[in-house]
Amino acid sequence: MHDTKKRLAVLISGRGSNMAALLDACRQGHIHGEIVAVVSNKADAAGLDVAREAGIPALVVDHRSFANREEFDAALFNEVMKFAPDFVVLAGFMRILTAAFVRPLAGKLINIHPSLLPKYPGLDTHQRAIDAGDAEAGATVHFVTEQLDGGPGIIHAKVPILAGDSADDLARRVLAQEHRIYTEAVRLLCSGQIAYDAARGALCDGEVLPPSGLTYSER
Ligand code: GRF
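Note that this is a predicted model, so its numbers are computed, not measured.

K.L.:
Is there a simple way to explain the overall build of the protein in this structure?
P.N.:
A tally of regular secondary structure across the protein gives six helices and eleven strands. Relative to a compact globule of 219 residues, whose C-alpha radius of gyration would be 17 Å, the protein shows 17 Å and is just as compact. Across the 219 residues that make up the protein, the buried fraction comes to 49%. In the protein, the share of contacts with a sequence separation of at least 24, taken over all contacts with a separation of at least 6, comes to 63%. Roughly 10,500 Å² of accessible area belongs to the protein as shown, and the carbon and sulfur atoms make up 51% of that amount. Of the charged side chains in the protein, 22 are positive and 27 negative, and the gap between their average positions amounts to 2 Å.

Okay, here's the thing in structure tokens:
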């Protein structure tokens, strides 16, 4: 591939392990892209230090400095757009984004959610899956639309729920899969194999994907 690398802006709120996995994959040439900015709504997000140590611009746009979601989203949008990203990657970003942020980025904004969507949008996904007696949990990478955790799936991975699993046990095993599927999703996006069609959803090599996207299997 000889075209220029895709520019990735990654939004975080905390630890940033998914961001770090993407950074590794970019650095190793596995993803034909580069992280050009990491933006957090929280100044104490540990992932900011990871970005800084890697020499990546790491910024804070603190949601508490704004009167409402709309003003925060406008400021965040401005900061992110300064880096001219091809894709905006939500990686543990814990704020709900309004239409003014999401709409102009249709097909360029993706998220990872720690459940097998459409099951368990929102918070506490692992405990909810355990409480429901589900046999499996997992994670899904999806395009972001105005519907919370509701956009078309790109890829998902399943993780068995084991007897006696606590939410933390399950979260640990799901997180290991998150790192794999987020890397794979961003790789496919940057190579142009995955695309978004507002009417049809997520496409892989021109074919419409099922609502939950590709099924990840280790190779
Ligand atoms: C991940 O489980 C992600 O799916 C969820 O928040 C967590 C973020 O982890 N939305 P990290 O900051 O990437 O380590």
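K.L.:
It is not clear to me how helix α1 (residues 17–27) should be interpreted in this structure. Could you clarify?
P.N.:
In an α-helix there are 3.6 residues to a turn, and that puts residues three or four apart on one side. Taking burial as the measure, the eleven residues of α1 include eight buried ones, the bulk of the element. Of the residues making up α1, those classed as buried are Ser17, Asn18, Met19, Ala21, Leu22, Leu23, Ala25 and Cys26. The elements touched by buried residues of α1 are β1 (6–12), β2 (33–40), α2 (46–53), β4 (87–90), β5 (109–113) and α6 (167–190). Count one or two residues on from α1 and you reach Gly29, which has phi positive near 80°.

K.L.:
Help me understand the side chain of His63 in this model?
P.N.:
Mapped onto the secondary structure, His63 falls in the loop between β3 (58–60) and α3 (69–81). Given a relative accessible area of 17%, His63 falls into the buried group. A distance of 3.0 Å separates polar atoms of two side chains, one belonging to His63 and the other to Asn41. Within the local environment of His63, its side chain forms a polar contact with the side chain of Arg95, the two groups lying 3.5 Å apart. Ignoring sequence-local partners within four residues, the contact set of His63 consists of Asn41, Phe72 and Arg95.

K.L.:
Got a minute to help me understand the sheet that holds β5 in this structure?
P.N.:
Backbone hydrogen bonds hold the strands of a sheet together, and the pairing may be parallel or antiparallel. Pairing in this open sheet of eight strands is mixed, and the strands run β3-β2-β1-β4-β5-β6-β7-β11 from one edge to the other. Edge strands, defined here as strands with exactly one partner in the open sheet, are β3 and β11 (214–215). As judged from the four bridges shared by β1 and β4, these two strands associate in the parallel manner. Its bridge partner being in β4, Val10 is matched across the sheet by Val89.

K.L.:
Just checking my understanding: could you explain the pairing of strand β6 (residues 136–143) for this structure?
P.N.:
Put simply, side chains in a regular strand alternate between the two faces of the sheet. With seven of its eight residues buried, β6 lies for the most part within the structure. The pairing of β5 with β6 spans four bridges and is classified as antiparallel. Within the sheet, the bridge partner assigned to Asn111 lies in β6 and is His142. Two strands pair when backbone bridges link them, and β6 and strand β7 (residues 153–160) are joined in this way by seven bridges, in the antiparallel orientation. Paired with Val141 across the two strands is Ile155, which belongs to β7.

Cut-off values and rules
- Residues numbered from 1 in each chain as written.
- Predicted model: local features only at pLDDT ≥ 70, side-chain atom pairs only at ≥ 80, totals over all residues.
- Heavy atoms only, no water.
- Helix = DSSP H or I, 4+ residues; strand = E, 2+ residues; numbered from the N terminus.
- Rg over C-alpha atoms; globule rule 2.2 N^0.38 Å.
- Buried < 20%, exposed > 50% of the residue type's maximum accessible area, 1.4 Å probe, protein only.
- Contact = heavy atoms within 4.5 Å.
- Areas by Shrake-Rupley, 256 points an atom, 1.4 Å probe, with all protein chains shown as cover.
- Lys, Arg positive; Asp, Glu negative; His and termini not counted.
- Charge placed at Lys NZ, Arg CZ, Asp CG, Glu CD.
- Polar contact = N/O pair within 3.5 Å; in protein donor to acceptor, adjacent residues only side chain to side chain.
- Pairing = 2+ DSSP bridges.

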